[in-house]
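These are the residues of each chain, in order.
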Amino acid sequence: MIDRKLTGAAPAIKLPKGAIDSQSHIFLPGYPALPGGPGNPPDPLPTPEMYLEMAKWLGIDRVVITQGNAQQGDNSCLLAVLEKMGAMAKGVGVIDGDTSEAELDRLSDGGIVGARIMDLNGGAVGLEALEAVDEKAAARGWIMAVQFNGSDILDHEARLAGLKSRWILDHHGKFFRGAAPDGPEVAAVKRLIDGGNCWFKLAGCYESSQTGAPYEDIAAVARVIAAHASDRLLWGTNWPHNLAKTTEEYPDDGLLLDTVLGWLDAETQKKAVLDNPEEFFGFS
């Protein structure tokens, strides 16, 4: 069991009306974890009702729900969650080069607007399928969310620069070996953003920080990217923080919001939580 804090003191930073959480995972009972994945999150299962309570606390009005690794390539749970959440939610699912057009129709009809590449332990589809997934995503006007060890970004830059879809470099780039604000990895991110198709997601800073809270190493990179291209930032909660396995590890979402958005000036905050994700994900 884990105590997922769902309410508390209002964050110091007030989100604008219509604010969008660009990164979450939400689950429903009845969808077991599949082989290859990390298992479902610890009980209590993080359900739509729990998410909505947390969202009310933070002032979130809309949400992008990403397919969890637990269900691997079976998007059934995600589709059920999207149906339950209604017009406030859009989804990022999992497909591969063999996904049929009929299945893509079903996913689009169910509110899925993008595909996930997750090239880390437990991911369903990794970088080996990057171009094949991009081909299908681009044909649909879908986005892609791409996650890998960002410390290796120079090895992948040419492939990423060739993507046809608009895509997100996930989770602050996940530079697991660290990244200096003026270093080669961040320079590669800037080049990819300048190429026209790359956005940068502010979510899950604790997953790759070398320094721990208040995550000054992640902050330094975020500030550089914000100064370079404030219109390419997307902010997300990363709720329900699936790497946290105990209550002690579980972050305070209000404090996390204030920490991460506090790295940005007021104008850039609004871009990251409203203007940019609204356009990027196609919210009306």
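Residues numbered from 1 in each chain as written. Predicted model: local features only at pLDDT ≥ 70, side-chain atom pairs only at ≥ 80, totals over all residues. Heavy atoms only, no water.

> Can you explain the pairing of strand E4 (residues 112–118)? Please cite residues and give values.
With 7 of 7 residues buried, E4 is to be regarded as a mostly interior element. In this structure, strand E3 (residues 89–93) lies alongside E4, joined through 3 bridges in parallel fashion. Across the sheet, the residue bridging to Gly91 is Ile112, located in E4. Crossover connection from E3 via helix H3 (residues 101–109) to parallel E4: handedness right-handed. Direction of pairing for E4 relative to strand E5 (residues 143–147): parallel, over a ladder of 5 bridges. Its bridge partner lying in E5, Arg116 is registered against Ala145. (Buried < 20%, exposed > 50% of the residue type's maximum accessible area, 1.4 Å probe, protein only. Helix = DSSP H or I, 4+ residues; strand = E, 2+ residues; numbered from the N terminus. Pairing = 2+ DSSP bridges. Right-handed = clockwise from strand over helix to strand, strands pointing away.)

> How would you explain the packing of aromatic side chains if you had to name every residue and give the values?
Per the counting criterion, the structure on display carries 3 aromatic pairs. Ring geometry for Tyr51 versus Trp239: centroids 5.4 Å apart, planes at 75 degrees, classification edge-to-face. Taken together, the residues Tyr51 in helix H1 (residues 48–58) and Trp239 in the loop between strand E8 (233–235) and helix H8 (253–261) connect sequence positions 188 residues apart. Accessibility classification places Tyr51 together with Trp239 in one group, the buried group. Taken together, the aromatic side chains of Trp199, Phe280 and Phe281 make up a single cluster linked through ring pairs. It is Lys90 that lies over the ring of Phe283; its NZ or CZ is 5.3 Å from the centre. (Phe/Tyr/Trp six-rings, centres within 6.5 Å; stacked < 30°, edge-to-face > 60°. Lys NZ or Arg CZ within 6 Å of the ring centre and 35° of its normal.)

> Tell me about unusual backbone geometry, and name the residues and values.
Here the bond from Asp43 into Pro44 is cis, since omega is 0 degrees, no more than 30 degrees from zero. Assignment of secondary structure puts Pro44 in the loop between strand E1 (20–24) and H1. Of note, the bond from Ala213 into Pro214 is cis; its omega dihedral lies within 30 degrees of zero at 5 degrees. If you trace the backbone, Pro214 turns up in the loop between strand E7 (198–202) and helix H7 (216–228). Positive phi values are uncommon outside glycine, yet His171 reaches one of about 55 degrees. Along the chain, the position of His171 falls in the loop between strand E6 (167–169) and helix H6 (184–194). The backbone of Asn238 sits at a positive phi, close to 65 degrees, despite the residue not being glycine. Structurally, Asn238 is set in the loop between E8 and H8. A relative accessible area of 3% places Asn238 in the buried class.

> An account of the side chain of Asn75 is needed here, citing residue identities and associated values.
Structurally, Asn75 is set in the loop between strand E2 (62–66) and helix H2 (76–85). The class for Asn75 is buried, based on a relative accessible area of 3%. A polar atom in the side chain of Asn75 sits 2.9 Å from the backbone oxygen of Val94. Not counting chain neighbours up to four residues away, the residues in contact with Asn75 comprise Gln67, Gly93, Val94, Leu107 and Ile112. (Polar contact = N/O pair within 3.5 Å; in protein donor to acceptor, adjacent residues only side chain to side chain. Contact = heavy atoms within 4.5 Å.)

The values reported here are purely geometric and, on their own, carry no functional implication.
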